[in-house]
Amino acid sequence: MKHLLPALSLAVAFMMSFAARAAEPVGMDMQAGPPAPVAHAADALRPPLLLTGQRADVQDLSGRWTYSKDYYRTGLTDINGWVAKSRMQRHRDVDVAAEESKPGTGFFEFDLDRGPAMQIPGAWNAAEPELRWYDGLIWFQRRFDVAAPRAGERSFLRFEAVNYRAHVYLNGKEVGRHEGGFTPFVLEVTDALRANGNRLVVGVDSRHDAQSIPGEITDWDLYGGITRPVTLIRTPATFIDDATLRLTDAGRLVGSLQLNGAQAANAPVSVQIAALGLKAQATTDARGEARFDIPAPATLKRWSPESPQLYAVRFAAGSDAVTDRMGFRTLAVKGADILLNGQPITLRGVSLHEEELGANPARRLNEPAARALLTEVKQGLHGNYVRLSHYPHSETLLRAADELGLLVWSEIPVYWTVDWDNPAVLLKARRMQAETIYRDRNRAALALWSVGNETPVADNRTRFHAALAATVRALDPGRLVSAALLVEREGDTIRIADPLLPHLDVMAVNTYAGWYGDDRLDDLARLRWALPTDKPLIVSEFGADALAGHHDLGEPPRKWSEEFQAAYYRATLQMLERIPNLRGLSPWVLKDFRSPRREHPVFQNGWNRKGLISETGQRKLAFQLLADHYRGLPR
Ligand code: GCU
């Protein structure tokens, strides 16, 4: 990839700048208690402790959590900026009822033990009618007991996602913070954990601002809260922090294993794929990292959408072991083609928000919910690809894509506009990018990292995205970089000329001619596309709203009807087919989704209706039209 060199030098420069400050705890605004030891300086973007795959000792803390609203954030800061009053500090390790039974003048204005409860994971906006539009701080509490810790053992809390800021306390002690609503974070709690009656309190603040990612306005709903699972993970004193393995074009399995702990350096480690009769040893270096570079066994079956072959890969080090189900394939761009396992592929897909089927989604994507959506793509649309917009989706859904055989586009929510000139915001975006890469880089399905969506072209915006592209290439050289760009319109010419293009492996654009703007559907046949043809193009969005069950048999059918949406798809597909380097489609969108921007009282009522299926899964006419189109494409 010719443009790689400038990007890499940028990445190295960034890493070196970080190396100088490697001592500080790493992680999104992490203000951990005992800072988790950074694995090693050169990879200062790495989240402090990202545990991959299935481990032996994991306690799921899902279930009923009590909660306490804190609209004016008095649990964090009191009026006039004073320190919060203890009677309002939800994080305190205190049995309020017991204290109230004692004589004295003290009192409380919260009690998480006797508060209302809701099911976690899941967004609060779907839990209670009174919380439907709550956008602010809510404190959650989970009480739990643990088995007595073994000598030298370490304990970590792992949050798969908290939207948008998390303030985490265990037994009254602050153990860390995190910013970012869609990526996992891990906090060491070895010194704060006790055997019985642990009191885990998490302050969740959903409020976004001009420096958040995404910013304050999006075309999707609030979904505040602890939206993905929380687990307690117990490990030996020195444990496997991260482990990767991938297939290269040269037919080798290359990867790394990172230990964390006092005995991390110069330690024997191994990787084993029993089904392939493969076992390889290595020794960690002074920084606790070991590298693997082994010939791939001739019997290895490559992963593909048609044959999503996965293997149990077991990483071991001392008394620790992590097993991950992984697929192996190669991915490249060659001229205008995307190559999977050396063969050109066309991506037959659709875009997806993280919302389960149903009239009151809580962004609770457990495995059945994930499979229900992805099966509509794989079986219903005859698809081989999904664009997970506009933020990293749950690991559950990524793993379902691995199992079902769907290639994935994943993106961080650098969406519309962020504070392009603010170094702290760029760092936030880079860490978000790193957190999602470290979580998902073992997923064969994951093919493309997108560094943004529909951001207005400007020098500062292009520098921001270029820096993100460099971060991707530094952390995950085996995948492709893209971004969903805006097109330019000049009369009947639709032009792609974005200055970000040289930093991308695959071009992608969103286009809505025939829905937004003055074009009638008959005009689309006349539109010309002017774009570079030296690299692949994905049309990452096109779509039209239709209320399921609303029909108009007129000619032409009017907007909001299923007939109009189908006619829009027919005209758009015919227009796009004329683009010589078109290599993928992800129409907007599989399912109607909630958005506070969509308030037509007859057709929308808070839902964006561009779905090919309704929120309850009712297929619209355009669904079958796209399915027939994909089935007719050459394989
Ligand atoms: C934009 C944007 C989507 C939005 C869609 C729409 O392209 O990327 O997030 O929902 O258009 O207008 O429906």
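Here, the structure is the one placed above.
Residues numbered from 1 in each chain as written. Predicted model: local features only at pLDDT ≥ 70, side-chain atom pairs only at ≥ 80, totals over all residues. Heavy atoms only, no water.

Q: How would you summarise the overall build of the protein chain if you had to cite specific residues and measurements?
A: Of regular secondary structure, the protein chain possesses eight helices and 35 strands. Reported as C-alpha extents along the three principal axes, the dimensions of the protein chain are approximately 80 × 60 × 45 Å. In the protein chain, which comprises 635 residues, the share counted as buried stands at 62%. For the protein chain, long-range pairs separated by at least 24 residues make up 72% of all intrachain contacts whose partners lie at least 6 apart in sequence. Carbon and sulfur atoms make up 53% of the accessible area of the protein chain, which totals about 23,500 Å². (Helix = DSSP H or I, 4+ residues; strand = E, 2+ residues; numbered from the N terminus. Buried < 20%, exposed > 50% of the residue type's maximum accessible area, 1.4 Å probe, protein only. Contact = heavy atoms within 4.5 Å. Areas by Shrake-Rupley, 256 points an atom, 1.4 Å probe, with all protein chains shown as cover.)

Q: Break down the sheet that holds strand β19 (residues 320-326) for me, citing the residues and quoting the values.
A: Strand pairing in a sheet takes place through backbone hydrogen bonds and is either antiparallel or parallel in direction. Read from one edge of the open sheet, four strands run β16-β15-β18-β19, paired in antiparallel fashion. Looking at which strands have only one partner, the edges of the open sheet turn out to be β16 (278-283) and β19. The sheet shows a mean angle of 15° between the axes of neighbouring strands, direction not considered. Direction of pairing for strand β15 (residues 268-273) relative to β16: antiparallel, over a ladder of six bridges. Its bridge partner being in β16, Val-271 is matched across the sheet by Ala-280. (Pairing = 2+ DSSP bridges. Axes fitted to C-alpha atoms, helices over the stretch in contact; angles between N-to-C directions.)

Q: So what about the sheet that holds strand β12 (residues 230-235)? Which residues, and what values?
A: The strand order β1-β12-β5-β9 describes an open sheet built from four strands, whose pairing is antiparallel. Strands at the two margins of the open sheet, each flanked by one partner only, are β1 (58-60) and β9 (185-188). Taken over all neighbouring pairs, the strand axes of this sheet differ in orientation by 25° on average, direction set aside. In terms of strand pairing, β1 meets β12 through three bridges, oriented antiparallel. Paired with Val-58 across the strands is Ile-233, a residue of β12.

Q: Quick one: what's the story with the packing of aromatic side chains, residue by residue and with numbers?
A: Following the criterion strictly, the structure yields 25 aromatic pairs and no others. A ring pair is formed by Tyr-67 and Phe-140, whose centres lie 6.2 Å apart and whose planes are at 45°; its orientation type is tilted. In this pair, Tyr-67 is assigned in strand β2 (residues 63-69) and Phe-140 in strand β4 (residues 137-144), connecting sequence segments 73 residues apart. Exposure remark for Tyr-67: the relative accessible area of 3% places this residue in the buried category. Using a relative accessible area of 0% as the deciding quantity, one classes Phe-140 as buried. With a centroid separation of 6.1 Å and 45° between ring planes, the pair formed by Trp-139 and Tyr-169 is classed as tilted. (Phe/Tyr/Trp six-rings, centres within 6.5 Å; stacked < 30°, edge-to-face > 60°.)

Q: Which residues make up the site of the ligand, and what values go with them?
A: Asp-219, His-390, Glu-454, Tyr-516 and Glu-541 are the nearest of the 14 residues found near the ligand. One of the side-chain N or O atoms of His-390 is found 2.6 Å from an oxygen atom in the ligand. A distance of 3.0 Å is found between an oxygen atom of the ligand and a side-chain nitrogen or oxygen belonging to Arg-598. For the ligand, the accessible surface in isolation is 320 Å², of which the surrounding protein chains cover 97%. Of the residues in the shell around the ligand, the class split is five nonpolar, four polar and five charged. (Near = heavy atom within 4 Å. Polar contact = N/O pair within 3.5 Å; in protein donor to acceptor, adjacent residues only side chain to side chain. Nonpolar A, V, L, I, M, F, W, Y, C, P; charged D, E, K, R; others polar.)

Q: Explain the packing of helix α5 (residues 423-440) against helix α6 (residues 459-475) residue by residue, including any values.
A: In a packed pair of helices, the relevant descriptors are the angle between the two axes and the axis-to-axis distance. α6 packs onto α5 with a crossing angle of 30° between their chain directions and a minimal axis gap of 10 Å. It follows from the interaxial angle that α5 and α6 lie roughly parallel. Along this stretch, α5 crosses α6, giving a crossing that reads as right-handed. Along the contact surface, α5 presents Val-425, Leu-426, Ala-429, Arg-430, Gln-433, Ala-434, Ile-437 and Tyr-438, while α6 presents Phe-464, Ala-467, Leu-468, Thr-471, Val-472 and Leu-475. Classifying every residue of the contact of α5 with α6 gives 11 nonpolar, two polar and one charged. (Parallel < 35°, antiparallel > 145°, perpendicular 65-115°, else oblique. Left-handed = near helix turned anticlockwise from the far one by under 90°.)

Q: Which residues make up the pairing of strand β20 (residues 331-334), and what values go with them?
A: Regular strands have side chains that alternate between both faces of the sheet. In this structure, β20 lies alongside strand β21 (residues 337-340), joined through four bridges in antiparallel fashion. Along β21, the bridge assignment pairs Ala-332 with Leu-339. Hairpin remark: β20 followed by β21, antiparallel, with two residues in the connecting loop; positive phi at Gly-335, about 60°.

Q: Could you give me a rundown of the environment of Ser-86, with the residues and numbers involved?
A: Relative to the elements of secondary structure, Ser-86 occurs in the loop between β2 and α2 (96-100). By relative accessible area, which is 39% here, Ser-86 ends up partly exposed. On a C-alpha basis, the gap between Ser-86 and Gly-75 in space is 8.2 Å, while along the polypeptide they are 11 residues apart. With residues near it in sequence (within four places) discarded, Ser-86 still touches Arg-92 and Phe-110.

Q: Let's hear about the pairing of strand β32 (residues 537-541): which residues, and what values?
A: Across the five residues of β32, five count as buried, placing the element largely inside the fold. By the bridge criterion, four bridges tie strand β30 (residues 507-510) to β32 in an arrangement that is parallel. Opposite Asn-510, over in β32, you have Glu-541 as the bridge partner. Strand direction decides the pairing type here: β32 and strand β33 (residues 582-585), joined by three bridges, are parallel. Of the residues in β33, the one forming a bridge with Ile-538 is Gly-584. With respect to chirality, the unit in which β32 leads through helix α7 (residues 562-576) into the neighbouring parallel β33 is right-handed. (Right-handed = clockwise from strand over helix to strand, strands pointing away.)

Q: Residue-level account of the environment of Arg-594, with values.
A: Mapped onto the elements of the fold, Arg-594 is located in strand β34 (residues 593-594). Overall, Arg-594 belongs to the buried group, its relative accessible area being 13%. Along the chain, Arg-594 and Ala-97 lie 497 residues apart, while their C-alpha atoms are 40 Å from each other. Not counting residues up to four positions away in its chain, the partners in contact with Arg-594 are Arg-132, Trp-220, Asp-221, Tyr-223, Glu-355, Ala-359, Asn-360, Pro-361, Gly-606 and Trp-607. A polar contact is formed between the side chain of Arg-594 and the side chain of Asn-360, at a distance of 3.2 Å.

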